[in-house]
Amino acid sequence: MSPRPLLLALALAAAPVVAQTVPAGYPADYAQTIAAAKKEGRVVIYSALDTKAAQPLIKDFNALYPDIKVEYNDMNSTEMYNRFIAESAAGQGGADVMWSSAMDLQVKLVDDGKAMAYMSPEASKLPKWAVYKNEAYGTTYEPAAIIYNKRLITGNEIPHDHASFAKLLETQTAKLKGKVTTYDIEKSGVGFMFVVQDTKYFPGMKELEKGFGATNYRVYASTGNMLEKVSSGEHLLGYNVLGSYALVRSKKDPNLGVVLPKDYTLVLSRVMFIAKGAKNPNAAKVWTDYILSQRGQKMIGGPVELFSVRDDVDAEYTAASLTKELGPNVAKPIPVSSEITQYLDPKKRLEFLADWKKNVAAGSGK
């Protein structure tokens, strides 16, 4: 073969690899972003999703961009927020990307000017409620669920909506004494956000709170504790548990039942933004776009076992599959917007907690 055809053959063989570098539909100058990201060489992520769960995403991202090292730091959402604030105040800027289930804290950081403005090429593929100021993006679609022990709660006792859950606490108080659990809303940002949203949709919230008091309910700061204790039978019912974890576990755990309430099911979306002071802003853009892309979302709805937020993803856990299961208008996504930050105001938060405690105490007879 002469040198010219050989060079042409080599060029053609290399063409598909070059074409894959810039994702389809992205602007041509995105190649410059990728080149700059490779030069930065790393992206630092602060996340509330534990490292083990995130591994499929990190591995797949590295397959696409082997020159960009992912430095992944997982911590609870409150610790993550406080660390970011402290580093920002000190001018250290540790995180390039913030990714958290505490939606309200993430939005507050955006409103406080801590996020970089970035219109992702994937933004148009997301629901409108999941895009905020072209700075923050909802990345998952995770339902709030009721869980129960399938051996000890059976038949008509199984609650199918919020009203029947509240009724069960009222009518089976003796059986459920010390056997009902939910988040500690003073310590869990997700738990607090869920019950604030409940007050929008469930008119019987006051009676439900009294029911918690009457049954001497138990609280935890993490989903894992509630799943373990309901599965073992130490507790019988769990309220507003993160359904993405509960549904996955229930497939392998014969003791754990999961109900997605039929009146309404709250949906949380883990919020991601690029820090305004990011030291690796281009790598942060490439990571963010990957998470929002169809490929990244398929990983989220597949091996990561959360629910993908996009409608065009074929995976086990998706917004579309959840909507199909629940029926139309049942899912109530919590919007990525300033609407959800109102109870971060210390005065309003204290008033809400005081009202909650008053109703719980009334139910317990204290």
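Only a predicted model underlies this, so the values are computations on that prediction, with no experimental measurement involved.

1. Brief notes about the packing of helix α11 (residues 281-292) against helix α12 (residues 294-301)
Part 1 of the reasoning: Contact geometry of α11 with α12 gives a least axis separation of 4 Å together with a crossing angle of 60°. If you check the angle between α11 and α12, you find them oblique. Where α11 approaches α12, its residues Y290, I291 and L292 are matched on the opposing element by Q294, R295, G296, Q297, M299 and I300.
Part 2 of the reasoning: The residue inventory of the contact of α11 with α12, partitioned by class, reads five nonpolar, three polar and one charged.

2. Some thoughts on the pattern of salt bridges
Part 1 of the reasoning: Inspection of the entire model under this criterion finds 18 salt bridges.
Part 2 of the reasoning: For K347, the salt bridge identified is with E351, shortest N-O distance 2.8 Å. Separated by four residues within a single helix, K347 and E351 lie in helix α14 (residues 346-364), roughly one turn from each other.
Part 3 of the reasoning: In this structure K347 comes out as exposed when scored by relative accessible area, which is 58%.
Part 4 of the reasoning: Assessed through its relative accessible area of 43%, E351 is described here as partly exposed.

3. Details of the confidence of the model for the protein chain
Part 1 of the reasoning: On average, residues of the protein chain carry a pLDDT of 92, and 94% of them reach 70 or more.
Part 2 of the reasoning: Per-residue pLDDT stays below 50 along residues 1-20; that stretch engages in one contact with residues further than four places along the chain or on separate chains.

4. Looking at the domain arrangement of the protein chain
In many reports, interface size means the accessible area that the parts give up when they come together.
Part 1 of the reasoning: Taken domain by domain, the protein chain consists of domain 1 (6-141 + 269-327) and domain 2 (142-267 + 340-363).
Part 2 of the reasoning: Each of domain 1 and domain 2 has a C-alpha centre, and these two points are 31 Å apart.
Part 3 of the reasoning: Contacts between the two partners involve 22 residues from domain 1 and, on the opposite side, 19 residues from domain 2.
Part 4 of the reasoning: The contact between domain 1 and domain 2 buries some 1,800 Å² in all, and 64% of this surface belongs to carbon and sulfur atoms.
Part 5 of the reasoning: Counting across the interface, domain 1 meets domain 2 through two salt bridges.
Part 6 of the reasoning: E142 serves as the salt-bridge partner of R270, at 2.6 Å between the closest nitrogen and oxygen.
Part 7 of the reasoning: Our enumeration of links across domain 1 and domain 2 arrives at four residue pairs in polar contact (both at pLDDT 80 or more).
Part 8 of the reasoning: Those elements that place two or more of their residues in the side of domain 1 that touches domain 2 are α5 (103-111) and α13 (319-326).

The rules we used
Residues numbered from 1 in each chain as written. Predicted model: local features only at pLDDT ≥ 70, side-chain atom pairs only at ≥ 80, totals over all residues. Heavy atoms only, no water. Axes fitted to C-alpha atoms, helices over the stretch in contact; angles between N-to-C directions. Helix = DSSP H or I, 4+ residues; strand = E, 2+ residues; numbered from the N terminus. Parallel < 35°, antiparallel > 145°, perpendicular 65-115°, else oblique. Contact = heavy atoms within 4.5 Å. Nonpolar A, V, L, I, M, F, W, Y, C, P; charged D, E, K, R; others polar. Salt bridge = Lys/Arg side-chain N within 4 Å of Asp/Glu carboxyl O. Buried < 20%, exposed > 50% of the residue type's maximum accessible area, 1.4 Å probe, protein only. pLDDT = per-residue confidence, 0-100. Domains from an automatic or database assignment. Buried area = accessible area lost by both parts, 1.4 Å probe. Polar contact = N/O pair within 3.5 Å; in protein donor to acceptor, adjacent residues only side chain to side chain.

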